[in-house]
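Secondary and tertiary structure notes
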Amino acid sequence: MASHGLTSSPVRIVPLGGLGEIGLNLTVVECAGRAMVIDAGVMFPEERALGSGVLAPDLAYLEQSHLEILGVILTHAHEDHVGALPYLLRRFNVPVYGTEVTLAFARRRLDEDGPVGARMATIEPRRRFELGPFGIEPIRVTHSMPDSVALAVTTPAGLIVHSGDFKIDPTPIDGELFDRERFAELGAAGVALLMSDSTNVERAGRSGAESSIKPVLREIVARSRGKFFLSVFSSHLHRIRQLTEVSREMGRRVVPLGRRMAESVRLGLELGQLPFAPGTFVGPAEAEFLESCKLTFLASGSQGEPLSALARIAADAHPRARVEPGDTVVLSSRFIPGNERTINTLVNQLCKRGAEVFYEAVAPVHVSGHASRDELAELIALVKPKYFVPIHGEYRHLRRHAALAAACGVPEGNCFLLEDGEPLTLSAGPAVHRARAVETGRILLEDGEFGDPGLLSERRTLGRDGTVFAVIAVSSKTGAIVAGPELVSRGLLIGDGTSAHIRRARAQLAERLGRVGGPFSAEGTMLRGEIVHTLRNYFSHALGKRPLIVPHIMEV
Ligand SMILES: [Zn+2]
């Protein structure tokens, strides 16, 4: 059924997130008016001032492009690849494809934030399926999430390989090896484009096996006399499995703390990723009857997230678990840049409570789930792509990875450094890269609601320059100003300057409104516009600041 027209159709790759930042991964592959989406991820804002929400890619381009979206294909279940699924599916009712574990986690995500009744189809490594003009084959990779895959996408413009997140773990916990053979076969058959994970391109060598963690954990658990706490991402079932094995050896029961952790353990048991007998895990209530030295706790919050189990334990505000002298805490994850200060505070608090605390800087309690340089070079050598696009990274990572590909034999002119919104077109002729061609942005997701792009800049403005409220009353009969303007500022000024600047700004506004003359109304935009314009001007000239101006107009 591969129609003749398609064989000459160009294929356009449009990254909407993940190229220029770590997180927020979403790539669109288009051909002849139809498109598939690879991953739909979120990212945690580095600026705490932006609130407790997460960021997702703005989908304005998909809405305006009139593409027929055939489906979303998920490479694995990390939040930076599936977290924006509720947002995407509420806008586009399209089927979701993923491996068994990926869909189990995606379903949980949709249970939290909807929509209900999403169509889902399970995919398997080496089992190709068709989606419009695309033939998609998942390929097994190893990563810090079970059941992760890369995608080989057959298109009218050639074969595209998307690595997903990967490393090449020689001894994976679940025994599912990185499928070198299949990548090599594809490489021999001819790959047009490789898009590959750049997260760890700055690290030399190889990332190391996940299984190297187990002896380290065994040694630390064996030495601890009191309770043992492991803080880890709740989805890291491989690590949870290793700690559970160690705990069982030492006669400790494992207690998942918090809803998400308990839910992950439940999914792990259900999916066979945590192959343990019932009774290996116990609830926090049951744990109260057991001796300290018989207990291992799993706590989320290794990034210092304020509402997490670990943050509550550190503040001695957890209803079910306490850290006391003699206890041991292991933070088994990387300190993500931007979170260091919060995590340091947490570690200090735990130390003050008398715990012995281990983290990456003092013990090898973490290995990365992403490929280091030698592994990245190995994938390039296996796949031998004609073109190369580094993905999943900040600009500096992408650049380094493009240089690595060139050093591995991809012609330098064929390594494209795309950023979000910059399409690459593959066709019979040479590939073409266009800068800044497609609208991209970020929106805020919070408490299951989706903000608009304006909300982010509003929060930034509030954090940096504060706000000024202008209160005015107008007569509903004559449209004349009968009271005000009164100005109140928050977070903008300190000391006596406040009253002087506010007085002057108020006088300017009153004078301006006097000249305009009215009649004014609460609904009309004129009065609002005058207030915002005049006050913005004043504070910009007088203080070099742009506070958020909030007019409050009453009709009396
Ligand atoms: Zn991942």
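Residues numbered from 1 in each chain as written. Predicted model: local features only at pLDDT ≥ 70, side-chain atom pairs only at ≥ 80, totals over all residues. Heavy atoms only, no water.

Helix and strand content of the protein: 17 helices and 25 strands. Seen through its C-alpha atoms, the protein measures out along the principal axes to roughly 80 × 70 × 45 Å. Looking at the protein as a whole, 55% of its 556 residues are labelled buried. Seen as two clouds, the 62 positive and the 64 negative side-chain charges of the protein have centres 3 Å apart. (Helix = DSSP H or I, 4+ residues; strand = E, 2+ residues; numbered from the N terminus. Buried < 20%, exposed > 50% of the residue type's maximum accessible area, 1.4 Å probe, protein only. Lys, Arg positive; Asp, Glu negative; His and termini not counted. Charge placed at Lys NZ, Arg CZ, Asp CG, Glu CD.)

Turning our attention to the coordination of the zinc ion. Taken together, His76 (NE2), His78 (ND1), His143 (NE2) and Asp165 (OD) make up the protein donors of the zinc ion, found 2.1 to 2.3 Å from the metal. Site description for the zinc ion: donor spacing in sequence, H-x1-H-x64-H-x21-D. Taken together, the residues His76 in the loop between strand 5 (68-73) and helix 3 (79-82) and His143 in the loop between strand 9 (134-140) and strand 10 (149-155) connect sequence positions 67 residues apart. Taking the relative accessible area as the measure of exposure, His76 reaches 0% and is therefore buried. With a relative accessible area of 6%, His143 lands in the buried category. (Donors = N, O, S within 2.8 Å, 3.2 Å for Na, K, Ca; no water.)

Its place among the elements puts Leu548 in strand 25 (residues 548-555). Not counting residues within four places of it along the chain, the set of residues in contact with Leu548 comprises Glu458, Thr461, Leu462, Gly466, Thr467 and Val468. (Contact = heavy atoms within 4.5 Å.)

Moving on to the sheet that holds strand 21 (residues 442-446). Spatially, three strands are ordered 4-21-22 in an open sheet, and the strand pairing comes out antiparallel. Each end of this open sheet is capped by a strand with a single partner; those strands are strand 4 (54-57) and strand 22 (449-450). Bridge count for strand 4 against strand 21 is four bridges, and the pairing is antiparallel. Bridging across to strand 21, Ala56 finds its partner in Ile443. (Pairing = 2+ DSSP bridges.)

The subject of this paragraph is a nonpolar patch on the surface. Taken together, the side chains of Val482, Met554 and Val556 present a nonpolar region at the surface, about 270 Å² in accessible area. Relative to the elements of secondary structure, Met554 occurs in strand 25. We classify Met554 as partly exposed; its relative accessible area is 35%. (Patch = residues over 30% accessible without salt bridge, like charges linked within 9 Å, V, L, I, M, F, W, Y side chains within 5 Å. Areas by Shrake-Rupley, 256 points an atom, 1.4 Å probe, with all protein chains shown as cover. Salt bridge = Lys/Arg side-chain N within 4 Å of Asp/Glu carboxyl O.)

On to the environment of Arg506. When you line up the elements, Arg506 lands in helix 16 (residues 497-516). In sequence terms Arg506 and Thr244 are 262 residues apart; their C-alpha atoms lie 65 Å from each other. Within the structure, the side chain of Arg506 is placed 2.8 Å from the backbone oxygen of Pro485, a separation counted as a polar contact. (Polar contact = N/O pair within 3.5 Å; in protein donor to acceptor, adjacent residues only side chain to side chain.)

It is worth spelling out the domain arrangement of the protein at this point. Its domain assignment divides the protein into domain 1 (4-205 + 369-453), domain 2 (210-358) and domain 3 (466-555). Domain 1 and domain 3 are separated by 48 Å when their C-alpha centres are compared. (Domains from an automatic or database assignment.)

For any two aromatic rings, the description comes down to two numbers: the centre-to-centre distance and the angle of the planes. Summed over all chains, the structure comprises eight aromatic pairs. With a centroid separation of 5.1 Å and 20° between ring planes, the pair formed by Phe178 and Phe183 is classed as stacked. Judged on exposure class, the residue Phe178 and its partner Phe183 are both buried. Grouped by ring-pair contacts, the aromatic residues Phe166, Phe178 and Phe183 constitute a single cluster. (Phe/Tyr/Trp six-rings, centres within 6.5 Å; stacked < 30°, edge-to-face > 60°.)

Our next topic: the sheet that holds strand 8 (residues 129-131). Reading across from one edge, 8-9-10-11-12-18 is the order of the six strands in this open sheet, with mixed pairing throughout. Each having just a single partner strand, strand 8 and strand 18 (385-391) make up the two edges of the open sheet. Across this sheet, the average inter-strand angle for adjacent strands is 25°, counted without regard to direction. In this structure, strand 11 (residues 158-162) lies alongside strand 12 (residues 191-197), joined through three bridges in parallel fashion. By the bridge assignment, His162 is partnered in strand 12 with Met195. Here helix 6 (residues 180-189) sits on the sheet in contact with strand 9, strand 10, strand 11 and strand 12, set at roughly 140° to strand 9. Running at roughly 165° to strand 12, helix 13 (residues 373-383) makes contact with strand 11, strand 12 and strand 18 of the sheet. (Axes fitted to C-alpha atoms, helices over the stretch in contact; angles between N-to-C directions.)

Further remarks concern the packing of helix 6 against helix 13. Viewed as axis vectors pointing N to C, helix 6 and helix 13 meet at an angle of 45°, and their least axial separation amounts to 6 Å. Between helix 6 and helix 13, the interaxial angle falls into the category oblique. Seen from helix 6, the contacting residues are Arg180, Phe183, Ala184 and Gly187; seen from helix 13, they are Glu378, Leu379, Leu382 and Val383. Here the contact of helix 6 with helix 13 is composed, by residue class, of five nonpolar, one polar and two charged. (Parallel < 35°, antiparallel > 145°, perpendicular 65-115°, else oblique. Nonpolar A, V, L, I, M, F, W, Y, C, P; charged D, E, K, R; others polar.)

Now for the side chain of Arg252. When you line up the elements, Arg252 lands in the loop between helix 8 (237-249) and strand 14 (253-256). For the buried Arg252, no salt bridge is present, and the opposite-charge side chain at shortest range is Asp327, 7.3 Å distant. A distance of 2.7 Å separates a polar side-chain atom of Arg252 from the backbone oxygen of Leu295.

Let's shift gears to the packing of helix 13 against helix 14 (residues 395-407). A pair of packed helices can be characterised by two numbers: the angle between their axes and the separation between those axes. It is at 10 Å that the axes of helix 13 and helix 14 come closest, and there the two elements cross at 50°. Between helix 13 and helix 14, the crossing angle belongs to the class labelled oblique. Crossing geometry of helix 13 relative to helix 14 is assigned as right-handed. When helix 13 is examined against helix 14, the residues Arg373, Leu376, Ala377 and Ile380 are found in contact with a partner set consisting of Arg400, His401, Leu404 and Ala405. Per-class residue counts for the contact of helix 13 with helix 14 are five nonpolar, one polar and two charged. (Left-handed = near helix turned anticlockwise from the far one by under 90°.)

Here we take up unusual backbone geometry. Trans is the prevailing form of peptide bonds, just as negative phi is the prevailing case for residues other than glycine. A cis amide bond, omega 0°, links Gly114 with the succeeding residue Pro115. Locating Pro115 in the fold gives a position in the loop between helix 5 (100-113) and strand 7 (120-122). Of note in the backbone geometry, Leu24 takes a positive phi value of approximately 65° without being a glycine. Mapped onto the fold, Leu24 is located in the loop between strand 1 (11-17) and strand 2 (26-31).

Another point: the pairing of strand 16 (residues 328-331). Going residue by residue along strand 16, you find Thr328 and Val330 tucked away on one face and Val329 and Leu331 tucked away on the opposite face as well. When strand 13 (residues 228-231) meets strand 16, the two strands line up parallel, connected through four bridges. Residue Phe229 lies in a different strand from strand 16, and its bridge partner there is Val329. Where strand 16 and strand 17 (residues 356-358) come together, three bridges link them in parallel fashion.

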